[in-house]
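A look at the structure
Spelled out from the first residue to the last, the chains are:
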Amino acid sequence: MTTPEADRSQPPRPEERLEQAVRAAEQALIEYEIAVETFRVEVENFSRLHEQRLGPLYVRIEELDAEIAEAKAARTGDPEDLRLAEEARARVQPIPGVEELLHGWMDGDGLFPEATAMLTGQAVQPPPRVRPSEGARKLYRDLARKAHPDLAQEEEERKRREEFLSRVNAAYARGDETLLTELAEEWAAGPVPPERRPSPAEELYARLEWLAQRKELIALVARELEEGAIAGLLRLSPDDPDGLLEEIGDRLRADIAQREAELTALLGQD
């Protein structure tokens, strides 16, 4: 019979440190996934805001560039000017599926009323998706940590968590704090996950390898997001993206005014 003191003096099982490493890697991966998903939602929502608020201005600039090039070509008749005019016009010609590509800003007949309103400074409808509130972010992080499928050992429990987390992700992408609160209550009232049982050393090594591979895949997603043009804009003013868009919009409207004046001058020379 061994005494408590003798038990405490025994060396740890070979799997014990490996189990600790697996648990630490799992939690680190979950935190990393949460950070990347939060960043992805922010980039996606900012992209929608960017397209809604500035898309019509970019379209207007391209149209004015085409009209200016055409006016110059009509005056000079120079083959090079005619070629440049054709290229400028081709850039603004409607293409199949343009309504979907431009998220409802224009179709084959031109700009929608909402886009025209943006050009004239009138009020427009808010974007369909907004940046999640701090409350929504906290709820999302808590739910992702508690319900993440990687914490499940049984396949049935993993599937339950995957289905639940997909609903959490959808609610977070919409910034729906009310639904996230309801989902938190649903999770709290749900079945208790089965107690974690020790795994053999070979399974723990395989688990660590899978976690490392998963992290590499997520890192690729994060790198693609960070290297994108929209993320670059967002980094310029992460705390006030609306103000940044307004500043860019002011510059674009000034460019439009300059082009309109140039076009008027060209047409007035006839």
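Reading the values: rules and limits
Residues numbered from 1 in each chain as written. Predicted model: local features only at pLDDT ≥ 70, side-chain atom pairs only at ≥ 80, totals over all residues. Heavy atoms only, no water. Helix = DSSP H or I, 4+ residues; strand = E, 2+ residues; numbered from the N terminus. Buried < 20%, exposed > 50% of the residue type's maximum accessible area, 1.4 Å probe, protein only. Areas by Shrake-Rupley, 256 points an atom, 1.4 Å probe, with all protein chains shown as cover. Core = buried A, V, L, I, M, F, W, Y, C linked by side-chain atoms within 4.5 Å. Contact = heavy atoms within 4.5 Å. Axes fitted to C-alpha atoms, helices over the stretch in contact; angles between N-to-C directions. Parallel < 35°, antiparallel > 145°, perpendicular 65-115°, else oblique. Nonpolar A, V, L, I, M, F, W, Y, C, P; charged D, E, K, R; others polar. Left-handed = near helix turned anticlockwise from the far one by under 90°. Salt bridge = Lys/Arg side-chain N within 4 Å of Asp/Glu carboxyl O. Phe/Tyr/Trp six-rings, centres within 6.5 Å; stacked < 30°, edge-to-face > 60°.

A few words on the overall build of the protein chain. Helices and strands together make up the secondary structure of the protein chain, namely 11 helices and two strands. The burial tally for the protein chain puts 33% of its 270 residues in the buried class. Carbon together with sulfur atoms contributes 53% to the accessible area of the protein chain, which is approximately 16600 Å² in total.

Counting 29 residues, the largest nonpolar core has Val43, Phe46, Leu54 and Leu252 as the members making the most contacts within it. Secondary structure elements with two or more residues in this core: α2 (14-76), α9 (201-227), α10 (229-236) and α11 (241-268). Sort the elements by how many residues they give to this core and α2 lands first, with 14 residues. The contact partners of Leu252, leaving out residues within four places of it in the chain, are Leu54, Leu57, Tyr58 and Ile61.

Moving on: the packing of helix α6 (residues 134-147) against helix α7 (residues 155-173). The relative placement of two packed helices comes down to the angle between their axes together with the axis-to-axis distance. The N-to-C vectors of α6 and α7 enclose an angle of 170 degrees; their axes lie 10 Å apart at closest approach. Between α6 and α7, the interaxial angle falls into the category roughly antiparallel. Taken together, the residues of α7 that come into contact with α6 (itself represented by Ala136, Arg137, Tyr140, Leu143, Ala144, Lys146 and Ala147) are Arg161, Phe164, Leu165, Val168, Asn169 and Tyr172. Classifying every residue of the contact of α6 with α7 by side-chain character gives nine nonpolar, one polar and three charged.

Orientation of α7 relative to helix α8 (residues 177-188), taken along the N-to-C sense of each, is 160 degrees, at an axis distance of 9 Å. On the basis of the axis angle, α7 is roughly antiparallel to α8. In the crossing of α7 with α8, the sense of the turn from one axis to the other is left-handed. Taking contact as the criterion, the partners of Glu157, Arg160, Arg161, Phe164, Arg167, Val168, Ala171 and Tyr172 in α7 are, on α8, Leu179, Leu180, Leu183, Glu186 and Trp187.

Further remarks concern the pattern of salt bridges. Side chains carrying opposite charge are able to pair once their charged atoms draw close together. Going through the model one piece at a time under the given rule, you end up with 24 salt bridges. Measuring nitrogen to oxygen at the nearest pair gives 2.5 Å for the salt bridge that ties Glu80 to Arg83. Of this pair, Glu80 and Arg83 both sit in helix α3 (residues 79-92), separated by three residues, roughly a single helical turn. Take Glu80: its relative accessible area is 38%, and that puts it in the partly exposed class. Exposure remark for Arg83: the relative accessible area of 35% places this residue in the partly exposed category.

Scanning the entire structure with this criterion turns up two aromatic pairs. Relative to Tyr172, the ring of Tyr140 has its centre 4.2 Å away and its plane inclined at 10 degrees; by these criteria the two rings are stacked. With Tyr140 in helix α6 and Tyr172 in helix α7, this residue pair connects regions lying 32 residues apart in the sequence. The exposure classification of Tyr140 matches that of Tyr172, with both residues buried. Relative to Trp187, the ring of Phe164 lies with its centre 5.1 Å away and its plane at 40 degrees, an arrangement referred to as tilted. One end of the pair, Phe164, is in helix α7; the other, Trp187, is in helix α8, and 23 residues separate them in sequence. Comparing Phe164 with Trp187 shows no difference in burial state: the two are buried.

That is the geometry; function is a separate question.
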